[in-house]
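Residue-level listing of the chains:
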Amino acid sequence: MVAAEKQSLRKRYKFEGMLGAFILMWLDFPLLYQGVVSHNSAALGAGFLIILVAGGIAYYFS
Amino acid sequence: MQGLPQMSVWLWFLCLVPILAVLILMMVFRWSGGRSGVVGWVLTLIVAYIWFGGHLHILSAGTLKGLWATVWVLYIIWGAMTVYNVVDLVGGFKVISDTFTRLTGGNKILQLLVLGWAFPGFVQGVCGYGAPVAVAAPLLVGLGFDPIFAAATALIGHSWAVTFGSLGSSYSILERLTTLDPGRLALFAAFFLGIACVLCGYSIAHMYGGWKCMREGTPAILLIGVTMGAVLNLVANFVAPYVASFVAGAAGLIVGGLVVPKLPMYRPKVADYTTAEVAATNEPYSFNVAFFAYYALIIIVFTVYLIQPLKAYLAGLINIGFPFPETTTLLGFTNKAVKKYQSIAVFTAPGTLIFTAAFLSYLFYKARGLWPEKGGQMLLNRIIKQAMGATMTVTTMTMMGVVMMEVGITRYLAEGLANTGRLYPIFSPWIGVLGAFMTGSNTNSNVLFTGLQWDVAKLLMISPFVILGLQTSGGAIGNMFCPMNVALGTGVTGQGGREGECLRRTALYNAILTFVVGILGWLILYVFFPGIE
């Protein structure tokens, strides 16, 4: 039952989920880029975490 | 090996895990490219962190570079989808399909060979970067072929032309990165790719209808393939390597379109011909009107890419790219700082040319009263829905590929293959394939591995010309198998998420062609011409 609900959620919002992950990756771009060019550990850490979350969303909905 | 771990078999196989995981998930478990790409990217991050000294800075830089590198490919995919949907919205593919059915007497093999093999080769001659796949695959779909099959056909069909395509961009890397005689470099590359060209024709026929179709298609394949292969070799050796694919593709189109349909075995049966004729009389408008978008695309591409002063002027107008600092792993593998990483010359980018063609064709169809009401909204809805799957695949795969390169995993895999001694020529083209698989580009594959292949050739005291010919041939053939191109093929045919099925279709032919080319190289070096320079 839970699996079926999860499946339907994935299918129902497949497109929106992928689009959301894609947008999140690009919104994260400036933060992560700032971290890379200025060797800013906080920006690097936060930026990398966000892109991992975006990857997780992409994994779930793709 | 500077900056890389000590070579060991288990670590070498561990480096293959992200690639194998992606292939198995897509081809066996039929996962979408986007989902498999995320797994591959995360596995790469783990391998890089634990065994290659990849720290947060270099892993972030690799991921970001990968993200930026997708812009170029996505621009093409979205543009190609726009062109396809503009033509589809006015019912153009029905007209194109009927016309090609009439010209070829309904012979599907001929349609495949002309539109899926010679035509993409011809387009690749001038503008590569996925454009041949983006143009040819939708046309095949319009002719009634299964979309995944159409994408796989275009992928296989254009691969032979990649090295000397895009006005020789991949070949020029061999010239630039070595001090070897350019003419002799072209000799072996053209020889291997000429053979690969004929095999591409047979691969397409086999994929369509097995051995029976190969037998039936043999006269056409030999006529078109030998023509394209011979012209490729003649032009590469005696005229200019930079236009070899273009001229060879044009010759193939002429032979395939004008000569082959007149052969007795391909003349249409009376019943088929009559049906096609009837269909032709019912067409709402002419073939030329329906094909306008592709005429516009070909004219725009040829104008911009063949008129060098115009291309140089446009290329210098706006260039978008980001500077990246030098990055070094904890083991000392270094990537130099770049002022503009993978900069995009906006006005000469294939995506811009494709979007321009789409806009011109929209104006043309609108002026002729063919554009449907609320067509703009329909177009936008279709493109967004169709493009998302391919977008995720390209994004995640490219991030994986670039991280692998940044921390030295790709280099480590190639160095491992270089330890195979006398068998090296057989593995040499696989290094080219690896480069194309990771980067989606023959040019980038050559950038990555020309130095390595040249060094190994010197070490083994075998001809560097043959080995570099094998490298670039592998890089070209690998274009049919790399996830980025496959995503492009499935994207433009509206099959985003089915990349695994497409990969499964091209995997076998990629392996056969690469193996044949490798064996040929080995025979040249150790059997027929030992000691050849």
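Residues numbered from 1 in each chain as written. Chains lettered and ligands numbered in written order. Predicted model: local features only at pLDDT ≥ 70, side-chain atom pairs only at ≥ 80, totals over all residues. Heavy atoms only, no water.

### A short note on the interface of chain A and chain B
So, step 1. Contacts between the two partners involve 25 residues from chain A and, on the opposite side, 33 residues from chain B.
So, step 2. Viewed at the interface, chain B and chain A are joined by zero salt bridges.
So, step 3. Along the contact surface separating chain A from chain B lie three residue pairs in polar contact (both at pLDDT 80 or more).
So, step 4. Secondary-structure elements contributing two or more residues to the side of chain A that touches chain B are α2 (14-38) and α3 (41-61) of chain A.
So, step 5. At 13 residues, α2 of chain A tops the list of elements feeding residues into the side of chain A that touches chain B.
So, step 6. Among the residues making up the side of chain A that touches chain B, the classes are represented as 19 nonpolar, five polar and one charged. (Contact = heavy atoms within 4.5 Å. Salt bridge = Lys/Arg side-chain N within 4 Å of Asp/Glu carboxyl O. Polar contact = N/O pair within 3.5 Å; in protein donor to acceptor, adjacent residues only side chain to side chain. Helix = DSSP H or I, 4+ residues; strand = E, 2+ residues; numbered from the N terminus. Nonpolar A, V, L, I, M, F, W, Y, C, P; charged D, E, K, R; others polar.)

### Some remarks on the confidence of the model for chain A
So, step 1. Summing up the model confidence of chain A, the mean pLDDT is 90 and the portion of residues at 70 or higher is 89%.
So, step 2. Averaged pLDDT values for the elements of chain A fall to 70 in helix α1 (residues 2-12) of chain A and rise to 96 in α3 of chain A. (pLDDT = per-residue confidence, 0-100.)

### A look at the packing of helix α7 (residues 147-159) of chain B against helix α22 (residues 499-528) of chain B
Residue and element names in this part refer to chain B.
So, step 1. At a closest axis distance of 9 Å, the pairing of α7 and α22 adopts a crossing angle of 35°. Helix-helix and strand crossings are classified by hand; for α7 and α22 the assignment is right-handed. Along its contact with α7, which presents I148, F149, A151, A152, L155 and I156, the element α22 presents E501, C502, R505, T506 and Y509.
So, step 2. Considering only residue class, the contact of α7 with α22 consists of eight nonpolar, one polar and two charged. (Axes fitted to C-alpha atoms, helices over the stretch in contact; angles between N-to-C directions. Left-handed = near helix turned anticlockwise from the far one by under 90°.)

### Notes on a nonpolar patch on the surface
So, step 1. A cluster of nonpolar residues, L52 of chain A together with V42, I46, Y49 and I50 of chain B, forms a patch on the protein surface that exposes about 450 Å² of accessible area.
So, step 2. For the nonpolar patch, the element with the highest residue contribution is helix α2 (residues 33-51) of chain B, accounting for four residues.
So, step 3. Structurally, I46 of chain B can be placed in helix α2.
So, step 4. Residue I46 of chain B is classed as partly exposed on the basis of its relative accessible area, which comes to 40%. (Patch = residues over 30% accessible without salt bridge, like charges linked within 9 Å, V, L, I, M, F, W, Y side chains within 5 Å. Areas by Shrake-Rupley, 256 points an atom, 1.4 Å probe, with all protein chains shown as cover. Buried < 20%, exposed > 50% of the residue type's maximum accessible area, 1.4 Å probe, protein only.)

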